[in-house]
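Residue strings, one per chain:
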Amino acid sequence: MYLKLALRNVKRSARDYVIYFITIVLIVMLMYSFLALAFSTDITSMSENMSILTTGITGLSVVVTLISSFIVSYAVRFILGQRKKEFAAYELLGMEIGSIQKLFLIENTVIGTAAFLAGISLGTELAGILTQIVKNIFDAPHSYHASFSIRALVLTILFFMLMYGTGMVRAVHIIRREKIVDLLYDSRKNEVISRQKHSSLQLVLVICSVLAIIAGMFLIRKGLSIQTNTAWGYLIGATALLLAGVYEIYRCFPVMLITFAKRKKRILYSKCNLFYFGQIGHRIQSCGRVIAITAILFTLSLAAMFIGLVMGAGYKANMKASYPYDAGVAIDAPLTRSSFDGLISFVDEKCPVQKEIIYYLYDANGYSADALALSDYNTLRSILGFKKTELPDDQYLVHCDTWTYTEDIKTALKTRPKITLAGVSLENPQGRIYEEAMEQYRMAGTNGYVLVVPDHVAKKLPANKIRLVMQLENGGIPELRSEIHGYLNSEQWRPKLQAGAVLPEHVTMGVTVQAWGISNSLTGFTSISFCGLYLSIIFILLSCTVLAFEQLSALDHNRRSYQSLDRIGVSEEMQRKLIHRELSTFFLIPLILPSVVIFVLMVGAQTLYGAYILQKGLIPFYGFITISVFAMIYLVYYEAAYSLFKRNIL
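A brief structural summary. (Residues numbered from 1 in each chain as written. Predicted model: local features only at pLDDT ≥ 70, side-chain atom pairs only at ≥ 80, totals over all residues. Heavy atoms only, no water.)

This part is about the overall build of the protein chain. Helix and strand content of the protein chain: 22 helices and 10 strands. Contacts in the protein chain between residues far apart in sequence, at least 24 positions, make up 84% of those at least 6 positions apart. Total accessible area computed for the protein chain in this model is approximately 31,500 Å², and 61% of it derives from carbon and sulfur atoms. (Helix = DSSP H or I, 4+ residues; strand = E, 2+ residues; numbered from the N terminus. Contact = heavy atoms within 4.5 Å. Areas by Shrake-Rupley, 256 points an atom, 1.4 Å probe, with all protein chains shown as cover.)

We note that alanine 422 has phi near 55°; this positive angle belongs to a residue other than glycine. The phi dihedral of glutamate 439 falls on the positive side, at around 60°, and the residue is not glycine. Structurally, glutamate 439 is set in the loop between strand S7 (433-434) and strand S8 (449-453).

Helix packing for two helices is described by the angle between their axes and how far apart those axes are. Helix H17 (residues 480-488) packs onto helix H13 (residues 341-350) with a crossing angle of 145° between their chain directions and a minimal axis gap of 11 Å. Where H13 crosses over H17, the two elements pack in a sense that is right-handed. Contacts from Gly342, Leu343, Phe346, Val347 and Lys350 in H13 reach Leu480, Glu483, Ile484, Tyr487 and Leu488 in H17. Residues belonging to the contact of H13 with H17 are distributed by class as follows: seven nonpolar, one polar and two charged. (Axes fitted to C-alpha atoms, helices over the stretch in contact; angles between N-to-C directions. Left-handed = near helix turned anticlockwise from the far one by under 90°. Nonpolar A, V, L, I, M, F, W, Y, C, P; charged D, E, K, R; others polar.)

One can find arginine 416 in the loop between helix H15 (403-415) and strand S5 (418-421). Between the C-alpha atom of arginine 416 and that of glutamate 427, which follows or precedes it by 11 residues, the distance is 9.0 Å. Setting aside residues no more than four positions away along its own chain, arginine 416 makes contact with Tyr367 and Tyr396.

What follows deals with the nonpolar core. Membership of the largest hydrophobic core comes to 126 residues, with the highest contact counts inside it found for Tyr20, Ile24, Phe104 and Tyr534. For isoleucine 24, the contacting residues outside a window of four places in its chain are Val72, Ala115, Phe160, Met163 and Tyr164. Counting 48 residues, the second largest nonpolar core, distinct from the first, contains Ala373, Leu413, Leu468 and Ile484. (Core = buried A, V, L, I, M, F, W, Y, C linked by side-chain atoms within 4.5 Å. Buried < 20%, exposed > 50% of the residue type's maximum accessible area, 1.4 Å probe, protein only.)

Here we have eight strands laid out as an open sheet, ordered S7-S4-S8-S3-S2-S9-S1-S10, and mixed in their pairing. Each edge of the sheet is formed by a strand with only one pairing partner; in this case those strands are S7 and strand S10 (509-513). (Pairing = 2+ DSSP bridges.)

Here we come to the side chain of arginine 467. Within the secondary structure, arginine 467 is located in strand S9 (residues 463-472). Relative accessible area serves as the criterion here: at 1%, arginine 467 is assigned to the buried category. Engagement of the side chain of arginine 467 in a polar contact is seen with the side chain of aspartate 332, the distance being 3.0 Å. Every residue in contact with arginine 467, bar those within four places of it in the chain, is listed here: Val329, Ala330, Ile331, Asp332, Phe340, Ile357, Ile358, Tyr359, Leu361, Arg442, Met443 and Thr446. (Polar contact = N/O pair within 3.5 Å; in protein donor to acceptor, adjacent residues only side chain to side chain.)

Before going further, it helps to spend a moment on the packing of aromatic side chains. Applying the stated criterion across every chain, the model contains 16 aromatic pairs. Aromatic pair phenylalanine 298 and tyrosine 634: ring centres 5.4 Å apart, planes at 75°, arrangement edge-to-face. Highlighted residues: phenylalanine 298 in helix H12 (residues 273-322) and tyrosine 634 in helix H22 (residues 618-649), separated in sequence by 336 residues. Owing to a relative accessible area of 7%, tyrosine 634 belongs among the buried residues under this scheme. Ring centres 6.2 Å apart and planes at 70° place the aromatic pair phenylalanine 586 and phenylalanine 587 in the edge-to-face group. Note on accessibility: phenylalanine 586 and phenylalanine 587 belong to one class, buried. Counting every residue linked through ring pairs, the aromatic cluster contains Phe298, Phe586, Phe587, Phe630, Tyr634, Tyr638 and Tyr642. The ring of tryptophan 516 has arginine 481 lying over it, and the distance from NZ or CZ to the ring centre is 3.9 Å. (Phe/Tyr/Trp six-rings, centres within 6.5 Å; stacked < 30°, edge-to-face > 60°. Lys NZ or Arg CZ within 6 Å of the ring centre and 35° of its normal.)

Our next topic: the pairing of S8. Counted residue by residue, S8 has five buried out of five residues, so it is predominantly covered. With burial as the criterion, each face of S8 is covered, one bearing Tyr449, Leu451 and Val453 and the other bearing Val450 and Val452. Bridge count for strand S3 (residues 370-373) against S8 is four bridges, and the pairing is parallel. Note that in S8 the partner of leucine 372 across the bridge is valine 452. Sheet topology places strand S4 (residues 397-400) next to S8; four bridges connect them, and they run antiparallel. Within the sheet, the bridge partner assigned to leucine 397 lies in S8 and is valine 452.

For threonine 294, the position within the fold is in helix H12. Sequence separation of threonine 294 and isoleucine 589 is 295 residues, and the distance between their C-alpha atoms is 10.0 Å. Aside from chain neighbours lying at most four places away, what touches threonine 294 is Ser543, Val546 and Leu547.

Moving on, we get to the pattern of salt bridges. By the definition in use, this model includes six salt bridges. Linking lysine 465 and aspartate 370 is a salt bridge whose minimum nitrogen-to-oxygen distance equals 3.3 Å. With lysine 465 in strand S9 and aspartate 370 in strand S3, the pair connects residues that are 95 residues apart, well separated along the chain. Side by side, lysine 465 and aspartate 370 carry an identical accessibility label, which is buried. (Salt bridge = Lys/Arg side-chain N within 4 Å of Asp/Glu carboxyl O.)

Next up on the list: the packing of helix H5 (residues 84-92) against helix H6 (residues 97-137). Closest axis-to-axis distance for the H5/H6 pair is 10 Å, and the angle between their directions is 140°. Considering their axes alone, H5 and H6 lie oblique with respect to each other. Where H5 crosses over H6, the handedness of that crossing is right-handed. Along its contact with H5, which presents Phe87, Tyr90 and Glu91, the element H6 presents Ile97, Ile100, Leu103 and Phe104. (Parallel < 35°, antiparallel > 145°, perpendicular 65-115°, else oblique.)

This part takes up the side chain of threonine 65. Tracing the chain through its elements places threonine 65 in helix H4 (residues 51-82). Judged by its relative accessible area of 1%, threonine 65 is buried. When sequence neighbours within four positions are dropped, the list of residues in contact with threonine 65 reads Met31, Phe159, Leu162 and Met163.

Attention now moves to a nonpolar patch on the surface. Together, Leu203, Ile207, Val210, Leu211, Ile214 and Phe218 give the surface a local cluster of nonpolar side chains, amounting to about 550 Å² of exposed area. In this fold, leucine 203 is placed in helix H9 (residues 199-224). (Patch = residues over 30% accessible without salt bridge, like charges linked within 9 Å, V, L, I, M, F, W, Y side chains within 5 Å.)

The next point concerns the pairing of S3. Taking every second residue as pointing to the same face, both faces of S3 are buried, with Asp370 and Leu372 on one and Ala371 and Ala373 on the other. For strand S2 (residues 353-363) and S3, the ladder comprises two bridges, and the chain directions are antiparallel. Looking at the pairing, aspartate 363 lines up with aspartate 370 of S3. Here S2 folds back onto S3 in antiparallel fashion, the turn holding six residues, of which glycine 366 has a positive phi close to 90°.

Written as C-alpha cells, this is what we have:
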C-alpha cells in the first residue's frame, strides 16, 4: 500500500520535484564523469604526473558532496513545505508519523534512484567525451567510446548516499517535530521580512560598501607587491572587505532602485507597474541575503572557470613556442664555447645527440633587444625545420614570435629603419619581421624578439650570454632535464670564462627539455582546466537551485496576489507577461556582479597577460566559452522555475 501510494504521489507531485530531480541528475552526471576521467588508465598513463588530476578531482568530489548535501536538505525543506497540508490530511485520517516518514522516504528513494541511474547513464556518455578531449590535448590517437569505471561508480554511490542521506535525515526530523495545526495553517503565516532601512541609511551603506571594495583592491595590490608573510594579512583583509562590500551593496542597492522607481508616479502607475514593483520589492526584502550570497557564488564560479580555462589554454598555446628544441641550456654569463663540451658528451650517453649548436646572444648597445649572428640564426632555423634566410652585409632583420609586439615593431621600423651597432650602420628597408616560434624569452632572445645581424657585425659586439641547443634521437626523454641540472650543479662541470671577462654577481641559468616540458605542461593544463571546470559548474548548479527554490518558496503569497489581479479583470496574457517580467528580474539581479567581474577579468587578463600567450584571441575566446556554459545552465533553471511558477499561479 505504501509503495502504491508513494508512486501515486510521485506522479501527482512531479512538478514540485522537477528542479530537484534535474539538480540531482546533473550532480551525479558530473561527479561520475569526472571521477571516471580521473581513474581512467588511458589518461593516467599519459604522464608520470597525471596523478595530480586524480587527486584533485577526488578531493573536489568530497567538497562537492559536502556542499551538495546542504542543497539537498534545502530542496527537501521546500518540497515538504509544498506538501504540509497533504501530510496533515494523512494524520487526520489516522496515519502514524512513522508511516508518513516511511511514505516520504519511499517517494524520495524512487526519485533518488531514478535520478542516480539517469545521472550515471549521462555521466558514462560525458566521461567518453571528456576522455576524448584529454587525448586530443595530448595529441594521442582517439575515437569516441562510452567510458565506464567501477572505481568511479563505487565512489559516486558512496558520495551520493552521503549527500542524499543527509537530506532524508533532515526530512524525517521536520516531519516528526511538526504539529497538525502547523501543517494545516503554515502557508497562511506572515513571512518574516527584515525591517527596511531608511533610504538615507541605505545610501550611506552603499557608499561605505563602495569604499570598502576600493580599499580591498588597494590592499590586494599592496599584498601582491610584498614578498614576506605580511602579504597574507593584506590579502585576507582585502578579501574580507571585498566580500562585505559586495554583500551589503546587494542588500541595499536593489531596494534603493525600487524605492526610487516608486517615487516616479508616471512610471509607478503605468500599466501594471504598481503590482510589479510591489512583487519585486517583496521578494528583495524577503530573500535579499540569498540573492547577495548567490551573486557572490556566481562571481566566484565564473572567475574560477575563466581563470582555469585561460591558464590551461595558455599552457597549451605556449607549449610548442616554449619548448621548440629537443634540449637547450641558457646561461647569461660570458663563457667559452668549450665549456659545453663535457655536457654534450654527458647528454650523448643518455640520448644520442644528432646535432648541436653553441652560440651567443650579443649585447645590442642602446637597444632593448639582443643581437644574434646570421649564421647561428640559420642553424637554429634548420634544426627547427625552417627555411634558411639570406641577409646583405648592410642590413638586419627582426625575429619576433610574440604577436603583441609585432605591430609596435612595424611602427618603429617605419619611423626608424636604420640602426647602428659597433659603428656599423644597418637598415631594414623591407621591414622584414619573421614570426616562427623560436622561444625568444630564453633561447633566441630574452625580451620576445631579437635583432638578426651579419656575422661581421656580431663579432664586434659583447658576447655576454651563451646558449646550447641539441637535437636528440627520438626527441629525448623527460628525465633528461633533471639529469642536465644535476650535471651543471656538480663538480664535473668546469666552465671557463672568456679572456678578460668578469663573471656577473647573479648568473641566470635555464634548462629546457622538450619531452619534459610537453608532458608537464599538458598535465598542468589538464589538471587546472578540468578541476576548475568541475568545481565551477557544480557551484553554478547549486546556486541556480537555491535561486529557483527561493522564488518558488513564496508560491502561496504569489498565488493570492495574482488571484487579486484576476478578480479586477487583468487578462491572463497580461498575467503571463507579469510572471515572465517578475522572474526575469529576480534571476537578472544576481547576474549584475558576475557580468561586471567577468568583463573586468577578460579585459585585465588580455591587457596584463595577452603578451605572454602566443595565440591571438585566446582570452576572449575562453571568456565566451565561460559565459556560454553559464548561460546554458542558467537558462535551464530559469525555464524550469518559470514553467513551475506559471503552472502554480495560473
